[in-house]
Structures are given as C-alpha cells and as structure tokens.
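Chain by chain, the residues run as shown.
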Amino acid sequence: MQESEDSYVRVAVLIMLWLALFASICATLIHWLGPVHRTMDLIIPPTASMMFGGLIVALMRRPWWLQAIVQVALVVAALALIAPAWFYTLHAVSTPGMRLIDVLPPVPSLFVMLLVMVMIFIPGRRAFVLALLCWLLIALPVLVYLALHPREMWMPRGIDLLMAYGPVSIMVVVLLPVQRGLAGTIRRMASERARMEVMLHRDPLTGIHNRRLGERVLRDLFNGAHAAGLIMLDMDGFKAINDTHGHPVGDRVLQAVAGRCKALLREDECISRWGGEEFLVIVPGIDAAGLHMVAERLQMAIARLPVAPVLRVTASFGATMIDGADNFDTVLQRVDRALYAAKEQGGNCVVLVTAGLAAAGVLAPG
Ligand SMILES: Nc1nc2c(ncn2[C@@H]2O[C@H](COP(=O)(O)OP(=O)(O)OP(=O)(O)O)[C@@H](O)[C@H]2O)c(=O)[nH]1
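Residues numbered from 1 in each chain as written. Predicted model: local features only at pLDDT ≥ 70, side-chain atom pairs only at ≥ 80, totals over all residues. Heavy atoms only, no water.

- The name given to the protein chain in an unreviewed UniProt entry is diguanylate cyclase, with the source organism recorded as Rhodanobacter lycopersici.
- Its UniProt record gives the protein chain a comment under Catalytic activity (unreviewed entry), which states: "2 GTP = 3',3'-c-di-GMP + 2 diphosphate". (UniProt positions renumbered as here; feature names shortened; annotations may be inferred.)

Examining the overall build of the protein chain
Alright, step 1. When its secondary structure is counted, the protein chain shows 13 helices and seven strands.
Alright, step 2. Within the protein chain, contacts between residues separated by at least 24 positions form 66% of all contacts whose residues are at least 6 apart in sequence.
Alright, step 3. Here the protein chain has roughly 20100 Å² of accessible surface; of this, 67% comes from carbon and sulfur atoms. (Helix = DSSP H or I, 4+ residues; strand = E, 2+ residues; numbered from the N terminus. Contact = heavy atoms within 4.5 Å. Areas by Shrake-Rupley, 256 points an atom, 1.4 Å probe, with all protein chains shown as cover.)

Quick notes on the UniProt feature "transmembrane region" (unreviewed entry) in the protein chain
Alright, step 1. Per the UniProt entry, the sites bearing "transmembrane region" (unreviewed entry) are residues 7-30, 42-60, 72-91, 103-122, 129-148 and 168-186 in this numbering.
Alright, step 2. End C-alpha to end C-alpha, residues 72-91 measures 28 Å, and it is 100% helix and 0% strand.
Alright, step 3. Along residues 168-186, the helical share is 100% and the strand share 0%, with 27 Å between the first and last C-alpha atoms.

Topic: the nonpolar core
For soluble globular proteins, the rule of thumb is that nonpolar side chains tend to be buried together.
Alright, step 1. Formed by 57 residues in total, the largest nonpolar core has its most connected members in Leu17, Phe52, Leu114, Ile138 and Tyr165.
Alright, step 2. Examining the composition of this core, we find that 14 residues originate from one element, helix 3 (residues 66-94), more than from any other.
Alright, step 3. In this structure tyrosine 165 touches Val107, Pro108, Phe111, Trp135, Ile138, Ala139, Val142 and Leu143, once residues within four positions along its chain are discounted.
Alright, step 4. If you look at the next biggest cluster of nonpolar residues, it comprises 33 residues, including Ile208, Ala258, Ile286 and Met321. (Core = buried A, V, L, I, M, F, W, Y, C linked by side-chain atoms within 4.5 Å. Buried < 20%, exposed > 50% of the residue type's maximum accessible area, 1.4 Å probe, protein only.)

Observations concerning the packing of aromatic side chains
Alright, step 1. Tallied over the full model, the rule gives two aromatic pairs.
Alright, step 2. With centroids separated by 5.1 Å and ring planes inclined at 80°, the aromatic side chains of phenylalanine 87 and tyrosine 88 adopt a geometry described as edge-to-face.
Alright, step 3. On the accessibility criterion, phenylalanine 87 (38% relative accessible area) is partly exposed.
Alright, step 4. For tyrosine 88, a relative accessible area of 1% translates into the label buried. (Phe/Tyr/Trp six-rings, centres within 6.5 Å; stacked < 30°, edge-to-face > 60°.)

Looking at the site of the ligand
Alright, step 1. Around the ligand, a shell composed of 16 residues is seen, among which Phe238, Lys239, Asn242, Asp251 and Arg273 lie nearest.
Alright, step 2. Here an oxygen atom of the ligand and a backbone polar atom of glycine 237 are 2.9 Å apart.
Alright, step 3. Within the backbone of histidine 247, one N or O atom sits 3.2 Å away from a nitrogen atom of the ligand.
Alright, step 4. Notes on the ligand: free accessible area 670 Å², of which the protein chains cover 63%. (Near = heavy atom within 4 Å. Polar contact = N/O pair within 3.5 Å; in protein donor to acceptor, adjacent residues only side chain to side chain.)

What about the layout of surface pockets?
Alright, step 1. One number sums up the size of the largest pocket: a volume of about 810 Å³.
Alright, step 2. Taken together, 22 residues line the largest pocket, and the ones lying closest to its centre are Tyr8, Val9, Ile120, Phe121 and Arg187.
Alright, step 3. Its volume calculated, the second largest pocket comes out at about 690 Å³.
Alright, step 4. Along its surface, the second largest pocket is lined by 31 residues, and Ala20, Ala23, Ser24, Leu81 and Leu110 are the ones closest to its centre.
Alright, step 5. Put simply, the parts of the chain that give the lining of the second largest pocket at least two residues each are helix 1 (2-33), helix 2 (39-61), helix 3 and helix 5 (108-121).
Alright, step 6. Residues belonging to the lining of the second largest pocket are distributed by class as follows: 27 nonpolar, three polar and one charged. (1 Å grid on protein atoms, 1.4 Å probe; cavity = no way out; pocket = protein on both sides within 12 Å on 5 of 7 lines; lining within 4 Å. Points joined across faces, edges and corners; volume = space filled by probe spheres on them. Nonpolar A, V, L, I, M, F, W, Y, C, P; charged D, E, K, R; others polar.)

Encoded structure:
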C-alpha cells in the first residue's frame, strides 16, 4: 500500500517537473524571441529550465531522493518568481516614468501554480507557512507598489495582478486543503472497506478463509476452463476430543490442522473452513492423480500433528475432479459422497471419486 502510494507521488512529482520544464522553456523562447530583451528575463527562464531538467534526471536515477527533489524544485520556482517581483518593483519605483505593469513579466499565473504545488506536495501546516512566505516574498511587493500607484492598479494588467495575488491565491490555499481532506477521507474509507472485506471472508477461529469465500472461489472456477479438483476433509472422532479434553483443546486442534494444511498448500490453492470440523480445499490446474497426492500429503501431515494433550488427530478425505458437466451443487454432492465413503472405511484415508461415482482410489490408514 505504502509502496504504491510512494510510486504514485513519484509519478506526480515527475509530471510536475516536466510541466515546470515546459513552462520555463516557453518563457525562455518568449523572452529570447520577443522584441524587448531584458537581462533578467533572458537569464532566469533558461536557468530554471536547466534546474528542472537536472531534477528530472536526478529523480529518474535516484527515486529515493524524492522529498529533497520536491523541496529543491519548489525553491527554484520560488526564486525564479521572487527575483523579478523585487527587481522590477524596485526598478519601477526608482525609474521616473517607468510603470510596473509594463515591465513585470507574466508571472502571476506561475505564482498561482507555485502555491498549488506547495499545497499539494508539502505536508500539514508547513504548507500554509510556506504559501504565506511565498506570498510575502512574491506578491506583497507588487501589491504594495500597486496600492501606492492607483492609476496602474486600475488598468487591466493592474487588476489582473490584484486578482492573481489576492482572491485567486486565497482560493488555492483554502480549496486545496479541503480537497486533501476529502482525499484522506476517501483513502481511509477504502482501507476500512478492504479490512471489512478481509474480515468478511476470514474464519475467526482458524484465520483461514471461511465458507463464504470458499463458495465464491468454487463458483469462479466454473467460469474458467481450467481443470480443478476439490478435497473435502473432516476430522475423525472430533466430538470425542471435545468431550475428553474440552472445547478449548478442540479449538486448538482445529487451528493447528488449518495452519498445517495452509502451510502445505500453494498460493493458488484455497482452503476454507466449510463447517465445524470440515474443510474444503480447492486445487486449480491439477489432474486426478495430482489431486490424490495433495490429499494424501494433507492426510499424513494431520496424522503427524502434535496437539497436546490429544494423542492422535486424524481426518478423512473425499476428493473429486470438476467435470465439464458439473455445476456448483453436483460437484459438492460428489465430494461429500467421497468423504462419506472415507468415513465408512474407518476414517484417516483418502477416497477419490470420479464423475461416474466409482471410487477410484483409497489410501489406507498410515
Ligand atoms: N472445539 C470446537 N468444536 C467444534 C467446533 N465446531 C464444531 N465442533 C464440534 O465438532 C463435533 C463434530 O461432531 P461429529 O459431527 O459427531 O463428528 P466426529 O465426532 O468427528 O465424528 P466423525 O466425523 O464421524 O468422525 C461436535 O461435537 C461439535 O460441537 C468448534 O469451532 N470448536
């Protein structure tokens, strides 16, 4: 979960860096190809392009530097906006006849983008502090200048600057945390839902899948064309274990049996607690001989299981392959019959029944 979240953030940062590189290359072209050449405008955009390009390479080569790269990118972007804000404001103040609205490059939209990035990538309250710092260093000098030069302020460019550095900035700083809160709530709900889903399909005593999930896996098998087999196992003389040693010991036996069987099965093989002391094993991609061997392995492992003070624990096994003509009910009836036959033969054995209902193999008690 954490891994996938990290890679998601990495991709988001990479996209942000590519967009920043694109924006700074555009700014470079605009200033270099435009009719008026001012030194600062000719230097800052290409420098920023190189910095963002370098950060992209660094992130691709050293993904674990993610946090540091984000911070450097934000500092680069902030410096690229602080420098013209102060330089041109002071220049306009100190040069008679020069108007700030004529010389300030079109950076307000980039300032809004910087605020968005700060609010997205900087966690918690630090985002507000940094956003305020950016506003003080980038927007405030321009706003103070405009307040002192009302004729410029009420020109279309002046109003544009007022809007970007005023209400639009406030909207970004307020709306993004709200969005972040919503995203957090959705994430929490999703993980709660995943937890409930696990609980819904887990047997509380043994920790393995419950019947609900076993049934779902079995139904899904009928949608696929692959060969699969079923093994139903039932503890022998379990009532006597409970009666002799008590229910808690019986519970421990069930837990030990479930744990041992699960450990012996592969990832794609599913064991579920079907009833009190009955378990269903679903084995995909297997033939009848292989299924018999799996059941045999489980039978022997259970017979060797030490669960003090019970001297010997055994189980009976019915097994069958899913036939092309089978449905959910017919295959369960057949595996049940196989289990019944194993019990009839004295227990602690495996009976494999084919679709023709003939007992195809019996493993004698070990
Ligand atoms: N300790 C414990 N016992 C359980 C649990 N669920 C069912 N049982 C007991 O399992 C016993 C099953 O008894 P039976 O159906 O007669 O089975 P058995 O004694 O194994 O007899 P055979 O299957 O014929 O060998 C009952 O006594 C149930 O109370 C459980 O979760 N914990």
